[in-house]
Amino acid sequence: MVKKTLVALSAIALGAGTLSACGGGDSASGSDDGAITMGFAQVGAESGWRTANSASIQDTAEAEGIELKFSDAQQKQENQIKAIRSYIQQDVDIISFSPVVETGWDAVLQEAKRAGIPVILTDRAVDTDDESLYVTFLGSDFVAEGEKAGQWLVDNAADSDVDGDGDVNVVELQGTTGAAPAIDRKEGFESVISSDPSISISASQTGDFTRDGGKQVMEAFLQSEEGIDVVYAHNDDMGLGAIEAIEAAGLVPGEDIKIITVDAVRDGMAALAEGKINFIVECNPLLGPQLMELAQQVLDGEEVPRRVVTEETTFTQEQAAEVLESREY
Ligand code: AHR
């Protein structure tokens, strides 16, 4: 009853652009000992970024005394939906998840809402017309990340025309089809490179955010495409897979083919410092502390911002060499 009343109040607060809510159980924090119980439905373990993100969430929950029920959906939406349903059944205080794809969440989120359990989106957004289905969304601005990648290429277009034919021929390794970072990083990149008619994307395919996927797609591109100047990979792992394919083809990554990626995880930064990648846009996976703080605020009935954007930077080869040793993930 308490939950239902507070969720109703939350829906009203939405109109003001902020939202507060209270979670499961009969007390504000749910369980008998006062500890918060959070159900977290993770996308999978597809990349170095995801591994760092999961560790940040698990370590922070432990440090804060939050009881975390954590599931790995192996990049399948149906597994995430099952996990969320099981958290609803277990009457957790709060649910959080990083949606593998943008669409198809309304039904399960309605179920959470009916059960009076607030939902926090982390990392990736959902595409819904019903804003009352989640309290807040914590994560990166993926369009801005794509724009930063595109801006570097526009600024370095002359150097990136490796074969000197007057055109900068880009191949794109997209993230998981239908995932917010794949859609938005493509959109941001395209919007910026459209200002320079010498730059064009000649081929674009998903590598599913994995190293193997990036390698396989790049092998196929090297067979099918003439005069590739640049690889734009939506994450480091696919870029690292592309490096393997480029080297196997007897070419020098970073020189014969320029490489731009997103994430800035340690392996990507090492490749950048070594000269095999040319530019990385950071996507910060260490969302655990902010997520747990938001969860506590929501369950305490405090207003929280509707959107919390992660602060991020970019790295050149020289900058990567400087920070590599102290890189946390
Ligand atoms: O949603 C964030 C993206 O998901 C990361 O950039 C990628 O590495 C991960 O798999």
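This structure is a prediction, so every number in the text was calculated from the model and none was measured.

Definitions and limits used
Residues numbered from 1 in each chain as written. Predicted model: local features only at pLDDT ≥ 70, side-chain atom pairs only at ≥ 80, totals over all residues. Heavy atoms only, no water. Buried < 20%, exposed > 50% of the residue type's maximum accessible area, 1.4 Å probe, protein only. Helix = DSSP H or I, 4+ residues; strand = E, 2+ residues; numbered from the N terminus. Pairing = 2+ DSSP bridges. Right-handed = clockwise from strand over helix to strand, strands pointing away. Core = buried A, V, L, I, M, F, W, Y, C linked by side-chain atoms within 4.5 Å. Contact = heavy atoms within 4.5 Å. Patch = residues over 30% accessible without salt bridge, like charges linked within 9 Å, V, L, I, M, F, W, Y side chains within 5 Å. Areas by Shrake-Rupley, 256 points an atom, 1.4 Å probe, with all protein chains shown as cover. Salt bridge = Lys/Arg side-chain N within 4 Å of Asp/Glu carboxyl O. Lys, Arg positive; Asp, Glu negative; His and termini not counted. Charge placed at Lys NZ, Arg CZ, Asp CG, Glu CD. Near = heavy atom within 4 Å. Polar contact = N/O pair within 3.5 Å; in protein donor to acceptor, adjacent residues only side chain to side chain. Nonpolar A, V, L, I, M, F, W, Y, C, P; charged D, E, K, R; others polar. Domains from an automatic or database assignment. Expected span 1.5 Å × (residues − 1). Arc of directions from axis to C-beta.

As a further point, take the pairing of strand S11 (residues 279-282). Of the two faces of S11, the one holding Phe279 and Val281 and the one holding Ile280 and Glu282 are both buried throughout. As judged from the four bridges shared by strand S10 (residues 258-263) and S11, these two strands associate in the parallel manner. Bridge pairing in S11 links Thr261 to Ile280. For the crossover that starts at S10, traverses helix H10 (residues 266-273) and ends in the parallel S11, the hand is right-handed. Relative to strand S14 (residues 314-315), S11 runs antiparallel, the two being bridged by two bridges. The residue bridging Ile280 from the neighbouring strand is Phe315, located in S14.

With 27 residues, the main nonpolar core has Leu173, Met218, Phe221 and Val231 as its most contacted residues. In contact with Met218, other than residues within four places in its own chain, are Val171, Leu173, Ile228, Val231, Ala242, Ala245, Ile246 and Ile257. Membership of the second largest hydrophobic core comes to 25 residues, among which are Val43, Val101, Leu121 and Val126.

Once that is clear, we can look at a negative patch on the surface. Together, Glu64, Glu293, Asp300 and Glu302 give the surface a local cluster of negative charge. Structurally, Glu64 can be placed in helix H2 (residues 48-64).

Here Leu251 is to be found in the loop between helix H9 (236-248) and S10. Looking at Leu251, the relative accessible area reads 31%, which means it is partly exposed. If we ignore the near neighbours within four places in the chain, the residues touching Leu251 are Leu222, Ile246, Asp256 and Ile257.

Okay, the site of the ligand next. Taken together, Glu46, Ser47, Trp49, Arg50, Asp123, Arg124, Phe142, Pro181, Arg185, Phe209, Asn235 and Asp263 make up the full set of residues near the ligand. Arg50 places a side-chain nitrogen or oxygen 3.0 Å from an oxygen atom of the ligand. At 2.6 Å, a side-chain N or O of Asp263 approaches an oxygen atom of the ligand. Contact with the protein chains hides 100% of the accessible area of the ligand, taken as 280 Å² for the molecule alone. Mapped onto the shell around the ligand, the elements with two or more residues apiece are H2 and helix H7 (180-193). Each residue belonging to the shell around the ligand can be placed in one class, and the counts come to four nonpolar, two polar and six charged. Built from parts of two domains, the shell around the ligand gets at least three residues from each of domain 1 (18-140 + 286-311) and domain 2 (142-283).

Before going further, it helps to examine helix H8 (residues 211-224). Each α-helix winds once per 3.6 residues, and so residues spaced three or four apart point in a common direction. With 14 residues, H8 should reach 20 Å at 1.5 Å per residue; the first-to-last C-alpha distance of 20 Å fits that figure. What H8 keeps buried is the set Gly213, Gly214, Val217, Met218 and Phe221. Seen along its axis, H8 keeps its buried residues to an arc of 120°; they face one direction. Facing away from the buried side of H8, by more than 90 degrees, are the exposed residues Asp212, Gln216 and Gln223. Next to the buried residues of H8 lie strand S7 (168-174), strand S8 (199-206), strand S9 (230-233) and H9. Two or three places before Gly213, at the start of H8, stands the capping residue Thr210, its side-chain oxygen 2.9 Å from that residue's backbone nitrogen.

Among the six residues in strand S2 (residues 37-42), six count as buried, and that is most of the element. Of the two faces of S2, the one lined by Thr37, Gly39 and Ala41 and the one lined by Met38, Phe40 and Gln42 are each fully buried. As defined by bridge partners, S2 adjoins strand S3 (residues 67-72) across six bridges and the pair is classed as parallel. Within S3, the position partnered with Phe40 by the bridge is Phe70. With H2 bridging S2 and the parallel S3, this β-α-β connection has right-handed handedness. Bridge analysis of S2 against strand S4 (residues 94-97) gives four bridges, and the strand direction is parallel. Bridging across to S4, Gly39 finds its partner in Ile95.

By the definition in use, this model includes 16 salt bridges. A salt bridge links Glu145 to Arg185; its shortest N-O distance comes to 2.8 Å. With Glu145 in helix H5 (residues 142-155) and Arg185 in helix H7, this residue pair connects regions lying 40 residues apart in the sequence. Owing to a relative accessible area of 0%, Glu145 belongs among the buried residues under this scheme. Classification of Arg185 as buried rests on a relative accessible area of 2%. The network of salt bridges with shared partners includes Glu46, Arg50, Asp123 and Arg124.

A few words now on unusual backbone geometry. Phi at Gln74 takes a positive value of approximately 50°, unusual for a residue other than glycine. For Gln74, the position within the fold is in the loop between S3 and helix H3 (77-89). Its relative accessible area of 56% is what places Gln74 among the exposed residues. Its identity is not glycine, yet Gln75 carries a phi of approximately 60°, on the positive side.

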